[in-house]
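Spelled out from the first residue to the last, the chains are:
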Amino acid sequence: TWNSQKKLVILINEGTASAAEVFASALHDNGRTVALVGTKTFGKGLIQHTFPMPDGGGLRLTVAEYLTPSLQHVTKVGSAKYDRGVKPDIRCEASGIPKNVGADLCVGVALDVLESE
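Residues numbered from 1 in each chain as written. Predicted model: local features only at pLDDT ≥ 70, side-chain atom pairs only at ≥ 80, totals over all residues. Heavy atoms only, no water.

A. Broad picture of the state of the cysteines. Inspection of every chain in the model, using the stated rule, returns one disulfide. Bridging C92 to C106, the disulfide has an S-S length of 2.3 Å. Handedness here is read from the sign of the S-S torsion; for C92 and C106, about -110°, the answer is left-handed. Placement of the pair is C92 in the loop between β5 (90-91) and α2 (105-116) and C106 in helix α2, with a sequence separation of 14 residues. In terms of burial, C92 and C106 fall into one category: buried. (Disulfide = S-S within 2.5 Å. Helix = DSSP H or I, 4+ residues; strand = E, 2+ residues; numbered from the N terminus. Buried < 20%, exposed > 50% of the residue type's maximum accessible area, 1.4 Å probe, protein only.)

Here it is in structure tokens:
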């Protein structure tokens, strides 16, 4: 039979935040990825609303928090030990954005992971 599901490796790093973290963890937690490759994500899983104040200032109130499908917190809270973010299955650090995507170390790692499946 024809299988429409493709193997996925998702690249993540500290620039991956908010909805991108939820998206990556949703695919991962539901078995749709081969691996998450890169470094731990930013850890921003809060939904906040800013209420204007009469003096021109504002009050920012957290009104919701994203959880992964496995009910893990995404949010990082300051410098506390409660340091979240989505952790990769395979750690890989790249320095900056290369001019040639084929030269990116983590892209190479991701391709190796796909080829080994």
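B. Spatial organisation of the pairing of strand β2 (residues 35-38). Side chains of β2 alternate between two faces, with A35 and V37 and L36 and G38 buried alike. Sheet topology places strand β1 (residues 9-12) next to β2; four bridges connect them, and they run parallel. Along β2, the bridge assignment pairs L11 with V37. Between β1 and its parallel partner β2, the chain crosses via helix α1 (residues 19-29), and the hand of that crossover is right-handed. Pairing analysis gives two bridges linking β2 to β5, with the strands arranged parallel. In the sheet register, V37 faces β5, and the bridge partner there is I90. (Pairing = 2+ DSSP bridges. Right-handed = clockwise from strand over helix to strand, strands pointing away.)

So yeah, pure geometry; function would need other evidence.
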